[in-house]
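Coordinate analysis (summary)
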Amino acid sequence: PIFHDMTYFDWQIKLLSHLKKNMVDVIYKPHPEGATSPPHDFAESFGFQSITKKFEKINDNVDAYIIDFIFSSTTPRIFETRKPVFFFDLGFPEILPNALELIKKSCYYSEVKYSADSKLSNDFKEFDQFIKNDEHVFDTSFPDLYFKNI
C-alpha cells in the first residue's frame, strides 16, 4: 500500500530488523498484492517464520498484531481478536482527523515519516515503550464504527 514497492521493502527491512534486535518473535504475513513480492525467504533471513496462506485461514496463536495499513480487508478480523494492535501509519491513505482520533484510542499508534528521497522512517521509541506494557486496554469505537457491518 505504498507508492513504490522498493520503498515499502526498505520499510519492512527496518521494521523486521528492529523487531529482531529487540528479540520479538515474529510471524510475517506479506501483503498479497503489489507489482513485486518479497524474496521467498525474506522473513527467514531475519530468523522469523513466514506465512503465505490467506489471513482468514491462519489459526496461529499470536500475542499481538503489527500492521501498517489500517484499511486492509484483514483489519476488522485483527480488531475482533481483542489482542494488542500496533499500527505504524505510513500516511497512505490519508486518515481523516475524526477517524485518526478513534484509531489512537483503539490501538498503539505510531506515525511513520515519508521523506523526499522516498524513504520511510520511524525511530521506534513509541513502539519500544508500547511493547513493554503489561496490560493493553483499548477503546473499540474505531472498529465498531468503521467495521461493524463488514
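These notes cover the structure that comes with them. (Residues numbered from 1 in each chain as written. Predicted model: local features only at pLDDT ≥ 70, side-chain atom pairs only at ≥ 80, totals over all residues. Heavy atoms only, no water.)

The next thing to look at is the environment of asparagine 22. Tracing the backbone shows asparagine 22 in the loop between helix H1 (5-21) and strand S1 (27-28). For asparagine 22, a relative accessible area of 35% puts it in the partly exposed group. Along the sequence, asparagine 22 and aspartate 128 sit 106 residues apart, while their C-alpha atoms lie 8.5 Å from each other. A distance of 2.9 Å separates the side chain of asparagine 22 from the backbone oxygen of histidine 18, its partner in a polar contact. (Helix = DSSP H or I, 4+ residues; strand = E, 2+ residues; numbered from the N terminus. Buried < 20%, exposed > 50% of the residue type's maximum accessible area, 1.4 Å probe, protein only. Polar contact = N/O pair within 3.5 Å; in protein donor to acceptor, adjacent residues only side chain to side chain.)

It is worth spelling out the pairing of strand S4 (residues 85-89) at this point. Counted residue by residue, S4 has five buried out of five residues, so it is predominantly covered. Side chains Val85, Phe87 and Asp89 project from S4 onto one buried face, and the interleaved Phe86 and Phe88 project onto a second face that is buried too. Two elements, strand S3 (residues 65-67) and S4, share three bridges in a ladder whose sense is parallel. Its bridge partner lying in S4, isoleucine 66 is registered against phenylalanine 86. For the crossover from S3 across helix H2 (residues 75-80) to S4, the handedness is right-handed. (Pairing = 2+ DSSP bridges. Right-handed = clockwise from strand over helix to strand, strands pointing away.)

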